[in-house]
Amino acid sequence: MSGSRELILERVRRALADAPLAPESPRDYRRAGTLSPVARTELFYERVCDYRAEARRVRAGELPVAITEVFAARGAQRVCVPNDIASEWRVDGVNFVDDEELSWEELDHIDGVLTGCTLAIAETGTIVLSAGAGEGRRAITLIPDLHVCVIEERQIVETVPEAMTLLTELGAQRRPLTFISGPSATSDIELNRVEGVHGPRNLVVLIEESA
Amino acid sequence: MSATARPFPEAAHDALRDAQLRSNLFVATQTIRDKRNQVVGELSDWEELREAGRAIKADVLANLDRYLLQFEQAVADAGGQVHWAADAGEANQVVLDVARAHGVTELVKVKSLTTDEIGLNAALEAGGVSAIETDLAELILQLGGDWSSHILVPAIHRNRTEIRDIFRATIADDALSDDPGELAEASRTYLRERFLTARMAVSGANFGVAETGTVCVVESEGNGRMCTTLPPVLVTILGIEKLIPSFADLEVFLQLLPRSSTGERMNPYTSLWTGVNAADGPQEFHVVLLDAGRTNALADTVGRQALHCIRCSACLNVCPVYSRTGGQAYGSIYPGPIGAILTPLLYGVEHAPTLPFASSLCGACYEVCPVKIDIPSVLLHLRAKAVESAGKPSLTMAAAGWLFGGRRRFAAAQRLGRLAQRPLIRAGKIRRLPPPLDAWTRTRDLRPLAGESFREWWERRG
Ligand code: SF4
């Protein structure tokens, strides 16, 4: 409603007739973390596990073995991947389905999805996807019931402010962003936490140690 | 819509009788409060984050016209369409028009207080479009045909057996048990098909970033991701107070909100998107900037801070009045301490004259509020306004009558008296004490007041 635009702006200006002051917002909260890289990884690992996601620490170079094991353990055979995934992740024994504009219906009949991520936040146990390389579009990490996400140790930051700064530096602010902290959950029934309502019920985070 | 369905004292009376509601609520508020305290305690800079949150919101309000225009431009630059709605009817009409333009008669919806506030579902229904609620709790309410009792866990007044019966009667067969996992599974199955085939979705939002035009939805279940990712058309209703200046400001609110709200370090899912992305998500995106009384609240120089609210519900969980009566007694979309100030500010105090009295002024809400809204001060300010505007002592007496009607409540009130004097003294504007406050002072005379604060007492008791 075009008249409403002017009306609302006019109401706002009238409401602010007392010209309230808004001094520069103080930002005295912690920005940078203080942990060593080893402690940071450890904290991330703990916090992810705390959300009842499965986290595994994988030595450099042993990622393909870990990927094979994770899918085998869950009997996942057909696994969706973004087209630009690292070729070493395409392990034998799994039928990888490239996301060539798969329909929602097709994604609903797939056993799992394997992606990378943009960064991870240790303090909150969060992984952040930004539709970047190896991450794919949002739907592929949403519809399948199993999401396996690979994170390289160097992608872990300690604090939320560090994450937002990095996303800005990467120019990712306007890209579709998804922050994931554990599998989907609800506490709507007598406050019982039930994992997995609509998002993937199983989240596995593979933390690849730096070489 | 009417701001409040029934006067608070009357509705509270009924709620106090409902034992199930009372015990569920007690457990709920206690559990969430404990979790919140624990994760807040982990952050050494919590007070600095609160101060930043407060200041950022104050900046937004002080420059709201500029931020609205900046947001509008940024959304348009990113391929989204911006609508302005002066009231609920206009906002509902935008959604209906979009639905009609696409020939949509059924859409999926992610829980949003804002869309509840404007009565969107009923308006759509009247226009021949059915809206399917996709939050588990909202679905339970929708299928059971009742009202929310808590911002965060709206169906907390229903136990598992009741939920099973509602599901059996609507979306599942008689084999369904009352196991929470099975109940969640039933809703997953029922909704999945709708998510995958929906042609349009409606959402609210937690934040809108003026700088980038980015919209942010914070949630747990994944239905928010489903709604904002899969259907080709998306309409988001955004209260004008939900803006934040810059993308970087999210670093403050994404810490404050989940810890205050569900007591988690981070909620399971946070989605951020900007306009339309050709390769990912809805190809048509509308955002409706909603006033519907917010500029009324903005004009109240004391009350405008209520617009800082990020709807975390922490103030509900610490409120001794709320945890006894539940949300339904407030007869408003916004219950608890925040509802007691926001509802009269949005709709005019004359439409909700008893709500500002639905509080003991113990100050716990202010202490936990992640954006430092001084709810007790705003309550006192609104009480004065209510008395002025009503000129009908019966209304305020009703509130006092409720508080002092029962033996237990009376005893509690005695303990409250000591604390109540503090805000009273601060409220320099109130010259003649309105009846309930008069009642507070009367209580004080009955017995010397204990040295223990209400909070201390409450904490010990719980
Ligand atoms: S008033 Fe403060 S504590 Fe209450 S819901 Fe709003 S932000 Fe949360």
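Owing to the predicted nature of the structure, the values given are computational and were not obtained by experimental measurement.

## What to know about the overall build of chain B
- Helix and strand counts for chain B come out as 22 helices and 10 strands.
- Expressed as a percentage of the 462 residues in chain B, the buried residues total 65%.
- Summarising the internal contacts of chain B: among those between residues at least 6 apart in sequence, 77% fall at separations of at least 24.
- Per element, the accessible surface of chain B, about 15,300 Å² overall, is 50% carbon and sulfur.

## Brief notes about the interface of chain A and chain B
- Between chain A and chain B, the residue contacts involve 72 residues of the former and 95 residues of the latter.
- Counting across the chain A and chain B interface gives 13 salt bridges.
- Between B:Arg192 and A:Asp108 there is a salt bridge; the shortest N-O distance is 2.8 Å.
- Elements with a contribution of two residues or more to the side of chain A that touches chain B: α1 (2-15), α2 (37-50), α4 (104-108), α5 (160-169), β9 (177-180), β10 (185-189) and β11 (192-195) of chain A.
- With 9 residues, α1(A) is the largest single contributor of residues to the side of chain A that touches chain B.
- Per-class residue counts for the side of chain A that touches chain B are 32 nonpolar, 18 polar and 22 charged.

## So, the sheet that holds strand β5 (residues 207-209) of chain B
- In space, the 8 strands of this open sheet follow the order β8(A)-β5(A)-β6(A)-β9(A)-β9(B)-β6(B)-β5(B)-β8(B), with mixed pairing throughout. Where the open sheet ends on each side, the last strands, each with one partner, are β8 (156-157) of chain A together with β8 (243-244) of chain B.
- As defined by bridge partners, β9(A) adjoins strand β9 (residues 269-274) of chain B across 4 bridges and the pair is classed as antiparallel. If you follow A:Leu177 over to β9(B), its bridge partner there is B:Leu272.

## Topic: the nonpolar core
- With 138 residues, the main nonpolar core has A:Phe179, B:Phe167, B:Leu250 and B:Ile341 as its most contacted residues.
- Setting aside chain neighbours within four positions, we find A:Phe179 in contact with A:Ile121, A:Thr126, A:Ile127, A:Val128, A:Met164, A:Leu167, B:Leu254, B:Met266, B:Pro268, B:Tyr269, B:Thr270 and B:Leu272.
- Grouped together as the second largest cluster of nonpolar side chains are 22 residues, B:Ala91, B:Val95, B:Val104 and B:Leu120 included.

## Brief notes about the site of the ligand
- All residues in the neighbourhood of the ligand are listed as B:Cys309, B:Ile310, B:Arg311, B:Cys312, B:Ser313, B:Cys315, B:Ile338, B:Cys369, B:Pro370, B:Val371, B:Ile373 and B:Ile375.
- Of the residues contributing to the shell around the ligand, the split by class is 10 nonpolar, 1 polar and 1 charged.

## Observations regarding the packing of helix α9 (residues 160-170) of chain B against helix α10 (residues 180-197) of chain B
Residue and element names in this part refer to chain B.
- At their nearest, the axes of α9 and α10 sit 11 Å apart, and the two run at 30° to each other. Classified by the interaxial angle, the pair formed by α9 and α10 is roughly parallel. In the packing of α9 onto α10, the handedness of the crossing is left-handed. Contacts between α9 and α10 involve Arg160, Ile163, Arg164 and Phe167 on the former and, on the latter, Pro180, Leu183, Ala186 and Ser187.
- Class assignment for the residues of the contact of α9 with α10 results in 5 nonpolar, 1 polar and 2 charged.

## Digging into unusual backbone geometry
- Despite not being glycine, A:Ala131 has its phi angle at roughly 55°, a positive value.
- Considering the arrangement of structural elements, one finds A:Ala131 in the loop between β6 (126-129) and β7 (146-152).
- Although it is not a glycine, B:Ser313 sits at a positive phi angle of roughly 75°.
- According to the relative accessible area criterion, B:Ser313 is buried, its value standing at 3%.

## Some details on the packing of α5(A) against helix α12 (residues 250-261) of chain B
- Packing of α5(A) against α12(B) leaves a shortest axis separation of 9 Å and a crossing angle of 145°. Judged by the sense of rotation from one axis to the other, the crossing of α5(A) with α12(B) is right-handed. The segment α5(A) lies against α12(B), with A:Val160, A:Pro161, A:Met164 and A:Thr165 engaging B:Leu250, B:Glu251, B:Leu254 and B:Gln255.
- Of the residues assigned to the contact of α5(A) with α12(B), the class counts are 5 nonpolar, 2 polar and 1 charged.

How each quantity is defined
- Residues numbered from 1 in each chain as written.
- Chains lettered and ligands numbered in written order.
- Predicted model: local features only at pLDDT ≥ 70, side-chain atom pairs only at ≥ 80, totals over all residues.
- Heavy atoms only, no water.
- Helix = DSSP H or I, 4+ residues; strand = E, 2+ residues; numbered from the N terminus.
- Buried < 20%, exposed > 50% of the residue type's maximum accessible area, 1.4 Å probe, protein only.
- Contact = heavy atoms within 4.5 Å.
- Areas by Shrake-Rupley, 256 points an atom, 1.4 Å probe, with all protein chains shown as cover.
- Salt bridge = Lys/Arg side-chain N within 4 Å of Asp/Glu carboxyl O.
- Nonpolar A, V, L, I, M, F, W, Y, C, P; charged D, E, K, R; others polar.
- Pairing = 2+ DSSP bridges.
- Core = buried A, V, L, I, M, F, W, Y, C linked by side-chain atoms within 4.5 Å.
- Near = heavy atom within 4 Å.
- Axes fitted to C-alpha atoms, helices over the stretch in contact; angles between N-to-C directions.
- Parallel < 35°, antiparallel > 145°, perpendicular 65-115°, else oblique.
- Left-handed = near helix turned anticlockwise from the far one by under 90°.

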